[in-house]
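Listed here are the chains, written in short residue letters.
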Amino acid sequence: MTSRWWFYPALLAASLAIVAAGVAALTVVLLWPNLPSLEALTDYRPKVPLRIYSAEGDLIGEFGEEKRAVVKIQDVPRIMKAAILAAEDDRFYQHGGVDFAGVVRAALANLRQQGRREGASTITMQVARTFFLTREKTFARKMSEALLAFKIEANLTKDQILELYINQIYLGERAYGFAAAANVYFGKTLQQLTPAEAAMLAGLPQAPSRQNPIVNPRRARERQHYVLRRMHEVGWLSDAQYKEALAEPLRISSQADRDAYPLRANYVAEMARAAIVEQYGESAYVSGIKVYTTIRRKDQEAADDAMRKAVLDYDRRHGYRGPEGHVDLPPAGPQRDEEIEDALQDRDPVNDLIPAVVIASSPQEVRVVAHRGDEVRITGDGLKFASRALADRNPDRAIRVGSIIRIQQGDKGKWSIAQLPKVEGALVSMDPANGAILALAGGFDYAANKFNHVTQAWRQPGSSFKPFIYSAALEKGFTPATVLNDAPFVIDPAKTGGQLWEPHNYDNKYEGPMRLRTALMKSKNMVSIRLLQAIGTGYAQDYIQRFGFDPRMHPAYLTMALGAGSVTPLQMAAAYSIFANGGFRVKPWFIARVEDDRGHPLYVAKAETAGVDAERVIDPRNAFIMTTLMRDVVRRGTGARAMSLGRGDLAGKTGTTNDHVDAWFCGFQSRVVAVAWIGFDTPASLGSNETGSEAALPMWMGYMGAVLKGIPETDLDPPSGVVAVSIDPLTGLREPDGHSHTVDYFYQESQPPLADPGTLAHDGRPPEEVKNQIF
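Below is a summary of the structure that appears in this document.

Cut-offs used in this document
Residues numbered from 1 in each chain as written. Predicted model: local features only at pLDDT ≥ 70, side-chain atom pairs only at ≥ 80, totals over all residues. Heavy atoms only, no water. Helix = DSSP H or I, 4+ residues; strand = E, 2+ residues; numbered from the N terminus. Buried < 20%, exposed > 50% of the residue type's maximum accessible area, 1.4 Å probe, protein only. Polar contact = N/O pair within 3.5 Å; in protein donor to acceptor, adjacent residues only side chain to side chain. Contact = heavy atoms within 4.5 Å. Expected span 1.5 Å × (residues − 1). Salt bridge = Lys/Arg side-chain N within 4 Å of Asp/Glu carboxyl O. Pairing = 2+ DSSP bridges. Axes fitted to C-alpha atoms, helices over the stretch in contact; angles between N-to-C directions. Parallel < 35°, antiparallel > 145°, perpendicular 65-115°, else oblique. Left-handed = near helix turned anticlockwise from the far one by under 90°. Nonpolar A, V, L, I, M, F, W, Y, C, P; charged D, E, K, R; others polar. Phe/Tyr/Trp six-rings, centres within 6.5 Å; stacked < 30°, edge-to-face > 60°. Lys NZ or Arg CZ within 6 Å of the ring centre and 35° of its normal. 1 Å grid on protein atoms, 1.4 Å probe; cavity = no way out; pocket = protein on both sides within 12 Å on 5 of 7 lines; lining within 4 Å. Points joined across faces, edges and corners; volume = space filled by probe spheres on them. Patch = residues over 30% accessible without salt bridge, like charges linked within 9 Å, V, L, I, M, F, W, Y side chains within 5 Å. Areas by Shrake-Rupley, 256 points an atom, 1.4 Å probe, with all protein chains shown as cover. Lys, Arg positive; Asp, Glu negative; His and termini not counted. Charge placed at Lys NZ, Arg CZ, Asp CG, Glu CD.

Brief notes about unusual backbone geometry
Phi is positive for Asp659, which is not a glycine, with a value near 60°. Of note, Asp659 is situated in the loop between β20 (651-656) and β21 (662-669). One non-glycine residue, His660, lies in the positive phi region at around 55°. By secondary structure assignment, the location of His660 is in the loop between β20 and β21.

Let's talk about the side chain of Glu197
With respect to the helices, strands and loops of the structure, Glu197 is situated in helix α9 (residues 195-202). Overall, the relative accessible area of 5% leaves Glu197 in the buried class. One polar contact links Glu197 to Lys188, side chain to side chain, over a distance of 2.9 Å. The contact partners of Glu197, leaving out residues within four places of it in the chain, are Phe186, Lys188, Gln192, Glu248 and Leu250.

Some details on the environment of Ser740
The topology assignment puts Ser740 in the loop between β23 (722-726) and β24 (743-747). Spatially, the C-alpha atoms of Ser740 and Pro729 are 8.2 Å apart, while their sequence positions differ by 11 residues. Apart from residues lying up to four places away in sequence, Ser740 is in contact with Ser726, Ile727, Pro729 and Glu735.

Describing helix α23 (residues 692-707)
For α23, built from 16 residues, the straight-helix expectation of 22 Å at 1.5 Å per residue is met to within 8% by its first-to-last C-alpha distance of 21 Å. Along α23, the positions that sit buried rather than exposed are Gly692, Ser693, Ala695, Ala696, Leu697, Met699, Trp700, Met701, Tyr703, Met704 and Val707. Summarising the contacts, the buried residues of α23 are in contact with α14 (297-317), β12 (424-430), β13 (437-441), β20, β21 and β22 (672-679).

Quick word on the pattern of salt bridges
Applying the stated rule across the entire model yields 41 salt bridges. Arg51 is the salt-bridge partner of Glu62, the closest N and O atoms lying 2.7 Å from each other. One end of the pair, Glu62, is in strand β2 (residues 59-63); the other, Arg51, is in strand β1 (residues 50-53), and 11 residues separate them in sequence. Note on Arg51: relative accessible area 11%, which makes it buried. Between Asp662 and Arg459 there is a salt bridge, with its nearest N and O atoms 2.7 Å apart. In this pair, Asp662 sits in strand β21 while Arg459 sits in the loop between β13 and α17 (466-474), placing the two residues 203 residues apart along the sequence. The burial state of Asp662 is the same as that of Arg459; both residues are buried. The network of salt bridges with common partners includes Asp90, Arg229, Arg230 and Glu233.

With respect to the sheet that holds β2
One open sheet holds the five strands; their spatial order is β2-β1-β5-β17-β18, and the pairing between them is mixed. The open sheet is flanked by β2 and β18 (601-604), the only strands paired with a single partner. Pairwise comparison of adjacent strand axes, ignoring direction, gives a mean angle of 15° for this sheet. With three bridges connecting them, β1 and strand β5 (residues 290-293) associate as parallel partners. By the bridge assignment, Tyr53 is partnered in β5 with Tyr292. Strand contacts of helix α13 (residues 266-280): β1, β2, β5, β17 (591-595) and β18, with the helix running at about 45° to β2, the strand carrying the most contacts.

A look at the packing of α17 against helix α21 (residues 569-580)
Relative to each other, α17 and α21 sit at 40°, their axes nearing to 11 Å. Relative to α21, the element α17 lies oblique. As for how α17 packs across α21, the hand of that crossing is left-handed. When α17 is examined against α21, the residues Pro467, Phe468 and Ser471 are found in contact with a partner set consisting of Met572, Ala575, Tyr576 and Phe579.

What about the pairing of strand β8 (residues 365-370)?
In the sheet, strand β7 (residues 354-361) pairs with β8 via five bridges, with the strands oriented antiparallel. Across the sheet, residue Val357 finds its bridge partner in β8, namely Val369. With antiparallel pairing between neighbouring strands as the criterion, β7 and β8 make up a hairpin whose turn holds three residues. The sheet contact formed by β8 and strand β9 (residues 375-379) spans five bridges and is antiparallel. Pairing of Glu365 across the sheet is with Thr379, part of β9. Linking β8 to β9, which pair antiparallel, is a turn of four residues; within it Gly373 sits at a positive phi near 95°.

Re the packing of helix α10 (residues 217-233) against helix α11 (residues 239-247)
Between α10 and α11, the least distance of the axes is 10 Å, while the angle of their chain directions is 175°. Considering their axes alone, α10 and α11 lie roughly antiparallel with respect to each other. On the side of α10, the interface is formed by Arg221, His225, Leu228, Arg229 and His232, while α11 contributes Asp239, Tyr242, Ala245 and Leu246. Looking at the contact of α10 with α11 residue by residue, the class counts come to four nonpolar, two polar and three charged.

Looking at the packing of aromatic side chains
According to the stated counting rule, one finds 19 aromatic pairs in the structure shown. Considering the side-chain rings of Tyr170 and Tyr176, the 4.8 Å spacing of their centres and the 45° angle between planes classify their relative orientation as tilted. A centroid spacing of 4.8 Å and a plane angle of 70° characterise the contact between Phe624 and Tyr745, whose relative ring orientation is edge-to-face. Pair noted here: Phe624 is in helix α22 (residues 620-636) and Tyr745 is in strand β24, with a separation of 121 residues, a long-range link. For the residue pair Phe624 and Tyr745, the accessibility class agrees, reading buried in each case. Joined through ring pairs, the aromatic side chains of Phe465, Phe468, Tyr539, Tyr543, Phe547, Phe549, Tyr576 and Phe579 make up one cluster. A cation over an aromatic ring shows up here: Arg621 above the ring of Tyr747, its NZ or CZ 4.1 Å from the ring centre.

Topic: empty space enclosed by the protein
On inspection of all chains with the given rule, the structure shows one cavity of 30 Å³ or more. There is about 40 Å³ of room inside the largest cavity. In this structure, the largest cavity is lined by Leu474, Phe478, Thr479, Pro480, Ile625, Phe746, Tyr747 and Ser750. A class-by-class count of the residues in the lining of the largest cavity yields six nonpolar, two polar and no charged.

Some details on a negative patch on the surface
Negative charge collects at one region of the surface, where Asp337, Glu338, Glu341 and Asp342 lie side by side. Within the secondary structure, Asp342 is located in helix α15 (residues 334-344).

What follows is the structure, encoded as structure tokens:
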């Protein structure tokens, strides 16, 4: 009897096993019919954000709940796959969904380590949990996960399962999928990752919010080392590769880098986002809509560079204002490092102006610690801008140890002291043939100021509005040769809107009677006022509606002659396009097409084109003569600095408002119209010498010089009904025998009278022979 003592324990164990198997079988029978359909996997539709692109396909903006970039399994590099499998499931291609060998290994490891250290979830099980289940720790949920894993394996290939995992898994910082995480943490594509970076990403699924390299660099590094060790153990990294990866320092993207895109056009991206959400609703943020804009890379980069340079040049002309702040620093050591880190924590780079804390200062050298912890040494020319602050004894203005300043790296890698500009700028360009916006820089830095100065800033246009008054006058019979008096006078309050007005020219100089061509070229205020007085303010207010201006924003007073109304830079670009395209009104637009997540078109723009289906709003002769007038502004007038571009086909007008509050240059070439503006958000004087020619024209020139490089000059051919006439340069009257070298253009029916009634009307030459003789 004693020899069979084992019989009853064995019977009990067998009975328990049978019961357990029965319970498991019953659980399977009960759970299997209730398992969800695999449609979410077989017809995978992830929450893909709304993406905005340039005309060439460069990403300029992304909006949505999740940052995600869906990739095909064949596009995932070997090192990324190896890192994922080593971290999560190195027998993925051997098991059938549940790795029983892995379960035993994990159990033994946990027993040895006296705690729950390893899990046994396979990648297939994680896909099941991610798509269909919760993270609750119950037997039913775990059984459902295992059963779903078997079901998934029965319906999908291993590569399909791994592809789902790579695209769907959450990896922290709103990044879903490894392609998005590579961009978020390292600013790279999957193909650009090193083994060390791939291992860092592969370690994130365990606790993406708590131990990613941004939130907890130490724990992220520990997890990375574990993944590298596993890659080495299973033979996916050689000894040399393993050592190299362990030693590799990782450069995690800054917040500014994470917010950056291949092409900087944040203001356009926001305009597109608002338009798409208005049309398609909140679902646009998750449905993978792609928006292709009319913005061209070359134009946008030129606009950003030109606007940024103009703003910084203005700021430098007005001197260094002093440090942004100050922090009391202890002696060198860990505590000082912490103080510096805290001081810079809430100060982000603005454009390329980097925040830094001064750790040593003298008139010959300044040493700083920048926002990433790098130490930078500034000497020589890099100190010139702030040289007074280096010698100043006033602690509020002096650069000293603990001062918080901005630094900037030049083209040759040399650093200099800089500061955040207070002034703002804007530049917008369009194709005058169809209204497509080619570039839009709505402010100095979108992260610092999201107000779009191109579309939202209502400012006085100043003298840049004069061409519209001159255009109106041409329709009233005035000509470029009409002579008006450039002399001061006092205007009745009833004609100005309520107060006595004593207008004057910008330079307070008066030249007496002069032709309108000369007056616009020199931007003579008194002539413009007399011209508006002659044609009537009511007529002018009605006429400017042809250019798209709201008459309510331009009261019918004589101050309209000096641009005292309100416009936006985009309005001015659209209005100047009418001169550039020969008299047709084209509406500005910027969305070329919209596609769904599978590339099917949802919208394709159909823009009206000048000379085809756009509305004609001014006589082609008017547009031609106004263009010749504004070409003279560039050749010999207030815009003459633009002649340094070496082109004869540029036209435009400067604009400066009272007290130098706004500075403008609006101009065009036959292919492109561009408007540049500079001013303070809260209107204030830019300074006594900050005219449109000084502050805004260089911005316009920087843009036009870049985009027109290599583009041939275009001739300006007079339309039918325009005649070229020799005139007396002083009186504007026709010369009897064509002896004058001063030639101007006129409507056939609006030629000036003869200087001597007994002579011929004009020399009879066709306009083409004399168009280059205009003075």
